[in-house]
Amino acid sequence: MLVVGGGVTGAGVALDAAARGLTVALCERTDLAAGTSRWSSKLVHGGLRYLAHGQLGLARESARERAVLMRVTAPHLVRRLPFLVPDVAGRDVSALAELGGRLGDAVRVSVRGGRGSLPGTGRIGAEGVSRLIPGVRPGRGGVVFWDGQLEDDARLVVSLARTAATFGARVLTGATVTGVDGEAVAVSVDGESVSVRASVVVNAAGVWSQRLAPGIRLAPSRGSHLIVPAARLGTPIAALTVPLPGSRSRYVFALPQPGGLLYLGITDEPVAGPVPDDDPVPSDAEVTQLLETVNQVLAVPLDRSDVIGAYAGLRPLVLPAAAGDGPAGATADLSRSHLLSWDGPVLTVVGGKLTTYRLMAAEAVDAVVARLGRGAQRSSTARLPLVGAAPERVLARVDAPARLVHRYGTEAPVVAALGGELVVEGREETVGELRFAVRSEGARNVADLLDRRTRIGLVTSDRERAVAVAEEVLAER
Ligand SMILES: Cc1cc2nc3c(=O)[nH]c(=O)nc-3n(C[C@H](O)[C@H](O)[C@H](O)COP(=O)(O)OP(=O)(O)OC[C@H]3O[C@@H](n4cnc5c(N)ncnc54)[C@H](O)[C@@H]3O)c2cc1C
């Protein structure tokens, strides 16, 4: 099997297939997590939004996959995060959030592994609000619900690919699939054309899937985040949740991140025309929308001078057959369900979201196994820890700094032993992390190191200071 695309979907497919005994190669044109998978909000959602749209099936799917990620696949990479909806956003708003949160709790306890995985929804007083998010206008209480937060989406993808490799999958970066002709797949590897024979090709190229499968219909939508110092909101320990004016199911979140940062997102802007190869950027209107929405509840409003970085990604939303030539309304209302579609030897798997990658991958490989008549019938990935993963009680005993354990799990001592010097003064990443990326995680250049294996590149001024160190580490090879 040849998998096209090294995002969360492609890496998940490669792992599922290799673990079932198939011979697998994954070709990624740039680097692991080079596409949408590193631009997410880094949430492992239980699917509250789906409940708001009455999509109970999708909500249960998400809640089930969240429990698998938190308990088995990657407990080191996923943590519990409280979400605060403050009463200063409107008492009707927090009352609705409380109802939604309680419904979400009911869905959670109804799925395997969900009970006890997160605390329940509840109301807190004004003091509790100030403790969780000191920057919110004081004097009133709020509602807190809980969900999962990923340490880093790109690290999940790299861990998936490395785990696939332990089952024999060949993972190639810098390898662009340019065409499929029967069993012959044309691949350009660092500019050199080669032909690979594959019984089946799984097209997991995200928003770029249409290039190999022109028959599928996508409605890409841009989602943007701003990066601000967490200190501006008093270094919150919860995610601030503020509804977009006029919406009952769309929120702007201020999400606390490691390293004293806060990501402010998210927008949902339909993108017309061919999908560009370059990374998208937030528009001026999105920056204004994000700041104005969150400022409704802050004691001291944010302004553009607080923004130290920004990023955007394109959601690979599947256009339903009923939608004619384009989304009739906003892309925010399009379903987040995924699509599996055969075209000759090519199976396209697209849509869904990061949280449900495992399910998408299992369904895709089920379809491949049925067609090939080879490989184990059933997926084993719900019981398969990724490299570095271990139960929480084991992680608690790993002899390495907690920050490294959150990113590398049981491999943290190896990373720590490779060097504790800081890459950039004032940030937490170490030279040992860069060395580990080069030696064990397939990083090949400065961008792989700073924009994917670590996320230093999200703050432009920090990235500039880190380039020379990254080059030195690459030169050690
Ligand atoms: C702003 C934003 C926020 C989001 N937040 C969340 C969230 O919090 N939680 C959640 O669960 N989901 C979230 N999502 C959704 C989630 O990020 C995506 O559904 C998911 O990352 C898509 O992964 P993918 O592997 O299908 O696509 P991608 O990650 O885009 O991977 C496709 C890969 O294919 C490669 N490629 C393309 N063409 C070729 C070719 N010809 N040959 C070889 N390689 C090729 C690309 O380089 C790319 O790496 C968010 C999405 C966005 C945009």
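Residues numbered from 1 in each chain as written. Predicted model: local features only at pLDDT ≥ 70, side-chain atom pairs only at ≥ 80, totals over all residues. Heavy atoms only, no water.

## With respect to the packing of aromatic side chains
A complete count under the given rule lists 6 aromatic pairs for this structure. Ring geometry for Tyr-251 against Phe-253: centres 6.3 Å apart, planes inclined by 35 degrees, an arrangement best described as tilted. Counting every residue linked through ring pairs, the aromatic cluster contains Phe-83, Phe-145, Tyr-251 and Phe-253. Lying across the ring of Trp-342, Arg-371 places its NZ or CZ 3.7 Å from the centre. (Phe/Tyr/Trp six-rings, centres within 6.5 Å; stacked < 30°, edge-to-face > 60°. Lys NZ or Arg CZ within 6 Å of the ring centre and 35° of its normal.)

## Side note on the sheet that holds strand β9 (residues 184-189)
Two orientations exist for strands paired in a sheet by backbone hydrogen bonds: parallel and antiparallel. Pairing within the open sheet is antiparallel, and its 3 strands lie in the order β8-β9-β10. Sheet topology places β8 (175-181) and β10 (192-197) at the edges, where each strand pairs with a single neighbour. Adjacent strand axes in the sheet meet at a mean angle of 25 degrees when their direction is disregarded. Two elements, β8 and β9, share 6 bridges in a ladder whose sense is antiparallel. Looking at the pairing, Gly-179 lines up with Ala-186 of β9. (Pairing = 2+ DSSP bridges. Helix = DSSP H or I, 4+ residues; strand = E, 2+ residues; numbered from the N terminus. Axes fitted to C-alpha atoms, helices over the stretch in contact; angles between N-to-C directions.)

## Some details on the environment of Pro-75
Following the sequence through the fold, Pro-75 ends up in the loop between α3 (56-73) and β4 (78-86). Sequence spacing of Pro-75 and Gly-168 is 93 residues, and the spatial spacing of their C-alpha atoms is 24 Å. Residues in contact with Pro-75, not counting those within four places in the same chain, are Leu-69, Met-70, Ala-389, Ala-390 and Leu-395. (Contact = heavy atoms within 4.5 Å.)

## Here we look at the site of the ligand
In the neighbourhood of the ligand, 36 residues make up the surrounding shell, with Thr-9, Glu-28, Ser-37, Leu-43 and Thr-355 lying closest. In this structure, His-45 approaches the ligand through a side-chain N or O atom, which is 3.5 Å from a nitrogen atom. Burial of the ligand by the protein chains amounts to 96% of its free accessible area of 1,000 Å². Mapped onto the shell around the ligand, the elements with two or more residues apiece are α1 (8-19), β2 (25-28), β8, β12 (221-229) and β17 (309-315). Taken together, the residues of the shell around the ligand sort by class into 14 nonpolar, 17 polar and 5 charged. (Near = heavy atom within 4 Å. Polar contact = N/O pair within 3.5 Å; in protein donor to acceptor, adjacent residues only side chain to side chain. Areas by Shrake-Rupley, 256 points an atom, 1.4 Å probe, with all protein chains shown as cover. Nonpolar A, V, L, I, M, F, W, Y, C, P; charged D, E, K, R; others polar.)

## Some thoughts on a nonpolar patch on the surface
On the surface, a nonpolar cluster with roughly 270 Å² of combined accessible area is contributed by Leu-96, Leu-99 and Leu-103. Taking relative accessible area as the criterion, Leu-99 reaches 55% and is therefore assigned exposed. (Patch = residues over 30% accessible without salt bridge, like charges linked within 9 Å, V, L, I, M, F, W, Y side chains within 5 Å. Salt bridge = Lys/Arg side-chain N within 4 Å of Asp/Glu carboxyl O. Buried < 20%, exposed > 50% of the residue type's maximum accessible area, 1.4 Å probe, protein only.)

## A few points about helix α12 (residues 431-440)
The buried count for α12 comes to 8 of 10 residues, which makes it a mostly enclosed element. Restricting attention to buried positions, one finds in α12 the residues Val-431, Gly-432, Glu-433, Leu-434, Arg-435, Phe-436, Ala-437 and Val-438. Buried-residue contacts for α12 involve α6 (153-166), α10 (402-408), α11 (412-417), α13 (446-453) and α14 (460-475). Of the residues one or two after α12, Gly-442 is the one with positive phi, at around 70 degrees.

## Re the side chain of Gln-257
By secondary structure assignment, the location of Gln-257 is in strand β14 (residues 251-257). The buried category is assigned to Gln-257, whose relative accessible area is 10%. Among the polar contacts listed, one links the side chain of Gln-257 to the backbone oxygen of Leu-255, at a separation of 3.3 Å. With residues up to four places along the chain from it excluded, the contact list for Gln-257 reads Lys-42, Gln-149, Leu-262 and Tyr-263.

By themselves, these figures tell us nothing about what the structure is for.
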